[in-house]
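Examining the three-dimensional arrangement
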Amino acid sequence: MIRINCPYCGERDHSEFSYGGDATIKYPSLDSSEKEWTKAIFFRKNIKGFQLETWHHTNGCRMWLEIERSTVTHEIRSVKPCHPDLKKVVENNK
Amino acid sequence: MKPSRLKNYGKINRNNVLSFTWDNKKYKGFEGDTLASALLANNIGVVGRSFKYHRPRGIFSSGVEESGALVTVGLKDRRDPNVRATTQELYDGLKASGQNAFPNVNFDLAGINNYLGRFFASGFYYKTFMGIPPFEWGKGTAIWMFFEKFIRKAAGMGSASTLPDPDSYEHAHDFCDVIIVGSGPSGIAAAIEAAEKKLDVILVEQDSIIGGDQLSEYEFDSSHIENQIKNLGIKVMTRTTAFGLYDNCVVGLLERVTDHLSLPDKTLPRQRFWTIRAKHIIVGAGAIERHIAFNNNDIPGVMTVNASKHYLNRYGVLTGKKIVISTNNDSVYETAELLSEAGANVTVLDSRTNFEIETNTTFEIRRGYVPYNINGSKKIDSLDISKSENINKSETINCDQVLLSGGWSPAVHLLSHRGVKPKWDYENACFLPSDTKENITMIGSSRGLWNKNDCIASGVAGATDALNRLGISKTNYFFPKPGGWKNPIKPLYEVKYKKSRSKSFVDYQHDVTSDDVRLAHREGFISVEHLKRYTTLGMANDQGKMGNIIGLSLMADLLNKEIPEVGTTVFRPPYTPVSIGALSGRNVGKHFRPLRVTPMHQWNIDHGAKMIEVGLYQRPWYYPKENETLSDSYIREATTVRKTVGICDVTSLGKIAIQGQDSTEFLNRIYSNGFSKLQVGKARYGIMLRDDGIVMDDGTSWRLAENEYFMTTSTGEAAKVMSWLEELLQTRWTNLSVNVTSVSEQWAGVSVAGPKSREVLNNCVVDSSVVTNNNLPFMGVTSTFLKGKIPCRIARISFSGELAFEVYVKSDFANTMMDLLWENAKKYDGCLYGLEALGALRVEKGHVTAAELDGRVTIDDAGLSKMASTKKSYIGSAMRKRGVLKNNDREVLVGFFPANLKETFNAGTIVCEKNNIKGQGIGRITSVTYSPELRHWIGIGFVKGGLYRWKDTTLVGADPVRNKQMNLKIVSPHMVDPKGEKMHA
Ligand SMILES: [Zn+2]
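Residues numbered from 1 in each chain as written. Chains lettered and ligands numbered in written order. Predicted model: local features only at pLDDT ≥ 70, side-chain atom pairs only at ≥ 80, totals over all residues. Heavy atoms only, no water.

Quick look at the overall build of chain A
The following threshold applies: Comment: elements are numbered from the N terminus, with helices defined as DSSP H or I runs of at least four residues and strands as E runs of at least two. Accessible area is worked out with a 1.4 Å probe on protein chains only. A residue is then buried under 20% of its type maximum, exposed over 50%, and partly exposed in between. Contacts were defined at the residue level, with two residues in contact if any of their heavy atoms lie within 4.5 Å. Counting rule applied: Lys, Arg positive; Asp, Glu negative; His and chain ends not counted. By convention, charge coordinates are those of NZ in Lys, CZ in Arg, CG in Asp, or CD in Glu.
When helices and strands are tallied, chain A shows two helices and six strands. In terms of its C-alpha atoms, chain A occupies a principal-axis envelope of roughly 40 × 30 × 25 Å. Taken over 94 residues, chain A has a buried fraction of 39%. Considering only contacts within chain A whose residues lie at least 6 apart along the sequence, 42% involve residues at least 24 apart. In chain A, 15 side chains carry a positive charge and 13 a negative one; their mean positions are 3 Å apart.

Shown next, in the form of structure tokens:
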């Protein structure tokens, strides 16, 4: 079971969160070609080890989080808000 | 075998006599007994019949590893099969019976299987019955299915009750610094050490009292330790099994709250399923004594040596009078002494020749001797023994009990759950736990320590390890070296018997013999995992706690390899069986999942609504008048809507407030159709696509102000859409100034539909001019007041195809709104209508819902190409054009009529071409209804190529599940008022 330290709510059980996906994907602009979108949507790395991923605190503050998690051990290295403005707020409050 | 209760032995309470029933006969036992100890004290030797051969079986152990005494406890809806008699505490009135036998375990008709052994050898089922499906459907499979019911009956375990479970179960959670599994000497030492260093400690014990193996010591009294432990603030959980270890130091526990009580408090759950989140886990789960495989090693009266010590000193039961102990290690000698002191005649056969042991002389030690055959059937008559495994020189000893010790296996199960492979230790002939980076420490005999002082030292070391790893201390510690016997153990797993067809059991519970293992090897199943599956070794509910190592050693022997080269099987949770009831906890019946109701739920019921579940919501299904059936009712309701007016609760739709200066831009990006030119005071139907170009959801968005919208979504996708909008704003379009808020619960909504709907609303609003055709045109939105000054939002939106309005008020005003609307609708002979009529109305119009938008359908498939803007880019706009979604052969939305209009059909019907009725056909019917307007059944669904390919062809609807077939005519999905004149009226 994974415990996630939400920057807003504190440490909570993973059952409060929903997994999003790969947080490193740069989604192309809406007018980009089918080719670029195909790359962004369908091609995923299958990382063994730490990967950056998004999680949604669905049953909490509703924040989308950027989490560094090991796919092998579930160890979590960092939890940050996805939104850059919120990220700054959290960093300034440290 | 004549066991008897000894006067001065045991920790049972002789002042509390308990009566219990075994196979319909009454017996007596004492408080502190297990069912097994009480059965032994009553001289009951045969307690079950084996799985395949129906051989009489007795009690092999005194704990969770039991693989013989599996019994059924309780009656009727509380009938619990496969209960280990060795761990079932006795209570007054307990009713237990043997299983796998007819009429009873002493006289079992299926015992004939014992003589038909060759039919039950491993792989027999596979080879004989399975055929080679799927290539030979109906051949092997049919034979198997024919025989299966007989074989399952003959070879099976006890049967579970089919009645609803009357007990309740609970899920509970807790946190601690250190959880310690097992309250033996090591676990208690660890708990005390950790608690003295101010850690928050939970100590878990599967038994009813703490002490672990010390409970088999004559003088041991747990009450002193209990007090000490409680004073230190340690939380002790007895009758609680740590059945699994999970990520991040999570331990799953099963607490048996009332299984030991004759009259449990009804407010208590039967069992509690605990999720413990610890910072560190210490496992002192002990070790399990192994038996030895030789012919007839399963005759009642065979037991592990340590079990007889427990029966003697914990329960005061001497399990035999003339006892032969067979061993390959030092651990049995203390027991031999105790048993002979207690009055038994004891002989020890030690397979070793050179060893030194200090004992009193009251029992005989025969060096270099092994047993190779037991004579007897329901009880032991005598034992054939020989020297040095050379059975040419044999002799026979008369005895009534044979105790076995083939060595000890540390309980590494919990560590194995974490994927840590144990390592084979040649010196101690057992698997030892390997190190792990996780915060888990193994202590006591589960790390291969055989003497008590070493165990205690390891407990202190384990607690220190925990403190160090938690960063609380930096103290040096050391663990004692595994082992601890004076003389080395000499591996002994099987004594071969030359007579053909010997029954030398490796796995008692699944009746796997050493010959089965050899057969598996001959047939090429040499990987341990294959061996397991082919022979079912270790796959019974004891999970091979006693027999696995013997099976491995036999396979190693056959392959000329060492045990570690053959491998070890991976233990998976649960350590001991966990009931399904405990897993589901309170999530049963009505509480299976959350229930959502609308604010006018009671109002709907009071007005005659029959309810139906839609997702988590309870929604009105239909409002029957006297004697009306569902179809009478919905046909009347739908007819009334088309003729006059109807009112329908639509609160369950998702509702999202979208605010901020970039709201319009935001909507324009997420909807496939244009939103940039939507005026304030107007609503628009919109479709959202996923990134991959497939339809995600549809709904309406109302522009309430320059920068404020009110969005509705479908009932089923509301939560998903909300998360999606948040994801886009927080991860992708972080520069947009938009705020989204779920307001689904805040607003109660109804649809007022039908030609008279405007007149009804006219009577309900304070200012009737707001709902005129001019002031509120089609798709117009207004914020106004219902009578009684109730603020409301009204949009002229139609799902039914009629002139219709959606009216929303704050949830608190739901009932007032319903009263008001209903009072006025009645004046026009209106009706309340439910989901079934709503469905009929929308199918007539060819409107899609979740049944059609199933996550595979594109805008074009749904016939909504006009909703895809060509003037802008939006989510999914690039991907909806990809080749596979543009294929001419895609299934496209159409309408269906039965070719013979008197016929009916069901949703789920597969659409096929004539003379080619097979497989997935060329389409499917997704929604059907009787159309009150057209007066026959209609449907919508999908067909490859769509209307223009098939409009002049008769197709076939195949419904194999209902054994139905009908001819179909393909029509436009817009079956009633295709031009939409009514809703614009
Ligand atoms: Zn949060």
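That was the structure; now back to the text.
A short note on the pattern of salt bridges
Keep this limit in mind: Counted as salt bridges are all cases of a side-chain nitrogen of Lys or Arg within 4 Å of a carboxyl oxygen of Asp or Glu.
According to the stated counting rule, one finds 58 salt bridges over all chains in the structure shown. Residues Asp511(B) and Arg57(B) are paired through a salt bridge, measuring 2.8 Å at the closest nitrogen-oxygen approach. Of this pair, Asp511(B) sits in the loop between strand S31 (505-507) and strand S32 (512-513) while Arg57(B) is found in strand S5 (residues 56-57), placing the two residues 454 residues apart along the sequence. Each member of the pair Asp511(B) and Arg57(B) is classed as buried. A cluster of three or more residues bridged by salt bridges with shared partners is formed by Arg3(A), Glu11(A), Asp13(A) and Arg277(B).

Side note on the nonpolar core
Residues and elements named next belong to chain B. As a reminder of what qualifies: Joining through side-chain atoms within 4.5 Å is the link that ties buried Ala, Val, Leu, Ile, Met, Phe, Trp, Tyr and Cys residues into a set, and such a set is a nonpolar core.
Phe20, Trp22, Leu35, Ile59, Tyr311, Ile325 and Leu339 are the most contacted members of the largest nonpolar core, which totals 48 residues. The dominant element in this core, judged by the number of residues it contributes, is helix H1 (residues 35-41), at six residues. Contact partners of Phe20, with chain neighbours within four places excluded, come to Lys25, Lys26, Tyr27, Lys28, Gly29, Leu35, Ala38, Leu39, Asn42, Leu90, Tyr91 and Leu94. By size, the runner-up hydrophobic cluster in this structure holds 33 residues, among which are Cys764, Val765, Leu786 and Leu832.

Considerations on the interface of chain A and chain B
Filter applied, for reference: Buried area: the accessible area, evaluated with a 1.4 Å probe, that two parts lose upon being put together, summed over both parts.
Listed by partner, the interface residues are 24 residues for chain A and 30 residues for chain B. Taking both partners together, chain A and chain B bury about 2200 Å²; carbon and sulfur atoms supply 58% of that area. Broken down residue by residue, the surface that chain A buries against chain B is led by Met1(A), Leu30(A) and Trp64(A), which jointly contribute 33%. In this assembly, chain A and chain B are joined by two salt bridges. A salt bridge links Arg277(B) to Asp13(A), with the shortest nitrogen-to-oxygen separation between them at 2.5 Å. Of all the elements, helix H1 (residues 34-42) of chain A adds the most residues to the side of chain A that touches chain B, at five residues.

Focus: the coordination of the zinc ion
Residue and element names in this part refer to chain A. In plain terms, the rule: Each metal site is built from N, O and S donor atoms within 2.8 Å (3.2 Å for Na, K and Ca), and since water is not included, such sites may look incomplete. Square planar and octahedral assignments, for four and six donors respectively, both demand that opposite donors be over 155 degrees apart and that all other angles lie between 65 and 115; tetrahedral needs four donors with all angles between 85 and 135 degrees, and anything else is irregular.
At 2.0 to 2.4 Å from the zinc ion lie its protein donor atoms, namely Cys6 (SG), Cys9 (SG), His57 (ND1) and Cys61 (SG). Around the zinc ion sit four donor atoms, and with donor-metal-donor angles ranging over 105 to 119° the site reads as tetrahedral. Read from N- to C-terminus, the donor residues coordinating the zinc ion fall into the pattern C-x2-C-x47-H-x3-C. The exposure class of Cys6 is buried, given its relative accessible area of 2%.

Brief notes about unusual backbone geometry
The omega torsion across Pro573(B) and Pro574(B) is 0°, close enough to zero to call that bond cis. You can see Pro574(B) is positioned in the loop between helix H13 (563-566) and helix H14 (580-584). Even without a glycine there, the phi angle at Arg62(A) is positive, about 70°. On the secondary structure map, Arg62(A) appears in the loop between strand S4 (50-56) and strand S5 (64-70). Classification of Arg62(A) by relative accessible area gives partly exposed; the value is 24%.

Comments concerning the confidence of the model for chain B
Formally: Every residue is assigned a pLDDT by the predictor, reflecting its confidence on a scale from 0 to 100.
Chain-level statistics for chain B give a pLDDT mean of 92 and a share of 94% at 70 or above. This stretch, residues 128-141 of chain B, has a pLDDT under 50; its non-local contacts, to residues over four places away or in other chains, come to 15 contacts.

Comments concerning the packing of helix H16 (residues 630-643) of chain B against helix H21 (residues 835-845) of chain B
All names here are of chain B. Stated precisely, the cut-off is as follows: What counts as an axis is a line fitted to C-alpha atoms, over the stretch in contact for a helix, and the angles between N-to-C directions run from 0 to 180 degrees. Just so you know how the angles are binned, under 35 degrees is roughly parallel, over 145 roughly antiparallel, 65 to 115 roughly perpendicular, and the rest oblique. Here a crossing is called left-handed whenever its near helix is offset anticlockwise from the far helix by less than a right angle, and right-handed whenever the offset is clockwise. Basically, the charged four are Asp, Glu, Lys and Arg, the nonpolar ten are Ala, Val, Leu, Ile, Met, Phe, Trp, Tyr, Cys and Pro, and anything else, Gly included, counts as polar.
Taken N-terminus to C-terminus, the directions of H16 and H21 make an angle of 60°; their axes are 8 Å apart at the nearest point. By the angle between their axes, H16 is oblique relative to H21. Like other packed secondary-structure pairs, H16 and H21 cross with a definite hand, here right-handed. Where H16 abuts H21, its residues Leu630, Tyr634, Glu637, Ala638, Val641 and Arg642 lie against Glu836, Ala837, Ala840, Leu841, Glu844 and Lys845. Within the contact of H16 with H21, the residues separate by chemical class into seven nonpolar, no polar and five charged.

Side note on the environment of Leu86(A)
Residues and elements named next belong to chain A. Looking at where Leu86 falls in the secondary structure, it is placed in helix H2 (residues 84-92). Taking relative accessible area as the criterion, Leu86 reaches 34% and is therefore assigned partly exposed. Considering only alpha carbons, one finds Leu86 and Pro7, 79 residues apart in sequence, at a separation of 9.6 Å. Those residues in contact with Leu86 that lie beyond four places of it in its chain are Met63 and Pro81.

Comments concerning the packing of aromatic side chains
Aromatic rings in a pair are described by how distant their centres are and how their planes are angled relative to each other. All names here are of chain B. Quick reminder of the rule: In this scheme Phe, Tyr and Trp rings, the latter by its six-membered ring, pair at centre separations within 6.5 Å, and the angle between planes marks the pair as stacked below 30 degrees, edge-to-face above 60, and tilted otherwise.
All told, the structure shown has 23 aromatic pairs over all chains when counted by the stated rule. Between the aromatic rings of Tyr311 and Tyr315, the centroid separation amounts to 5.7 Å while the plane-to-plane angle is 40°, which identifies the pairing as tilted. Across the pair, exposure class does not vary: Tyr311 and Tyr315 are buried alike. Here Trp450 and Trp485 contribute two aromatic rings whose centre-to-centre distance is 5.0 Å and whose plane-to-plane angle is 15°, an arrangement assigned as stacked. A residue pair is termed long-range when its members are at least 10 positions apart, and Trp450 in the loop between strand S30 (440-442) and helix H9 (452-469) and Trp485 in the loop between H9 and S31 qualify at 35 residues. Residue Trp450 is classed as buried on the basis of its relative accessible area, which comes to 15%. Linked through ring pairs, Trp702, Phe710, Trp747 and Tyr808 together constitute an aromatic cluster.

Quick look at the pairing of strand S41 (residues 747-753) of chain B
Residue and element names in this part refer to chain B. Quick reminder of the rule: When DSSP locates at least two bridges between a pair of strands, those strands are taken to pair.
Across the seven residues that make up S41, a large majority, seven, are buried. Where burial is concerned, the two faces of S41 agree: the one with Trp747, Gly749, Ser751 and Ala753 and the one with Ala748, Val750 and Val752 are both buried. Both strand S35 (residues 646-649) and S41 contribute to a ladder of four bridges, which runs antiparallel. Across the sheet, the residue bridging to Gly646 is Ala753, located in S41. In this sheet, strand S44 (residues 804-810) lies alongside S41 in antiparallel orientation, the contact comprising seven bridges. By the bridge assignment, Ser751 is partnered in S44 with Glu806.

Overview of the domain arrangement of chain B
All names here are of chain B. As a reminder of what qualifies: Domain boundaries shown here were taken from an automatic or database domain assignment. In protein, a polar contact means a hydrogen-donor-capable atom and an acceptor-capable atom, both N or O and within 3.5 Å, with residues adjacent in sequence counting only if both atoms are side-chain atoms; elsewhere, any N or O pair within 3.5 Å suffices.
Domain annotation for chain B reports domain 1 (167-288 + 408-481), domain 2 (601-652 + 746-840), domain 3 (654-742) and domain 4 (888-985). Taking only C-alpha atoms into account, the centre of domain 2 sits 30 Å from that of domain 4. Taken together, the contact between domain 2 and domain 4 spans 14 residues of the former and eleven residues of the latter. When the two sides are added together, the surface that domain 2 and domain 4 hide from each other amounts to roughly 1000 Å², 57% of it contributed by carbon and sulfur. Counting the contacts that link domain 2 with domain 4 gives one salt bridge. For the pair domain 2 and domain 4, the interface holds five residue pairs in polar contact (both at pLDDT 80 or more). Sorting elements by how many residues they give to the side of domain 2 that touches domain 4 places H16 first, with five residues.

A few points about the environment of Asp542(B)
Residue and element names in this part refer to chain B. Examined against the element boundaries, Asp542 turns out to sit in the loop between helix H11 (528-535) and helix H12 (548-559). For Asp542 and Glu65, which are 477 residues apart along the polypeptide, the C-alpha to C-alpha distance reads 5.8 Å. Apart from the residues within four sequence positions on either side, Asp542 is in contact with Glu65, Glu66, Ser67 and Gln509.

A short note on the sheet that holds strand S2 (residues 13-22) of chain B
All names here are of chain B. Spatially, S3-S2-S8-S6-S7 is the arrangement adopted by the five strands of the open sheet, whose pairing is mixed. Each edge of the sheet is formed by a strand with only one pairing partner; in this case those strands are strand S3 (25-31) and strand S7 (80-84). With direction set aside, neighbouring strand axes in the sheet form an average angle of 40°. Direction of pairing for strand S6 (residues 70-73) relative to strand S8 (residues 95-98): antiparallel, over a ladder of three bridges. The residue of S8 that forms the bridge with Val73 is Ala96.

Digging into the pairing of strand S15 (residues 250-256) of chain B
Residue and element names in this part refer to chain B. With respect to burial, S15 is a largely interior element, six of its seven residues being buried. Looking at chain direction, strand S14 (residues 240-246) and S15 are connected through six bridges and run antiparallel. In the sheet register, Tyr246 faces S15, and the bridge partner there is Val250. With seven bridges connecting them, S15 and strand S16 (residues 271-283) associate as antiparallel partners.

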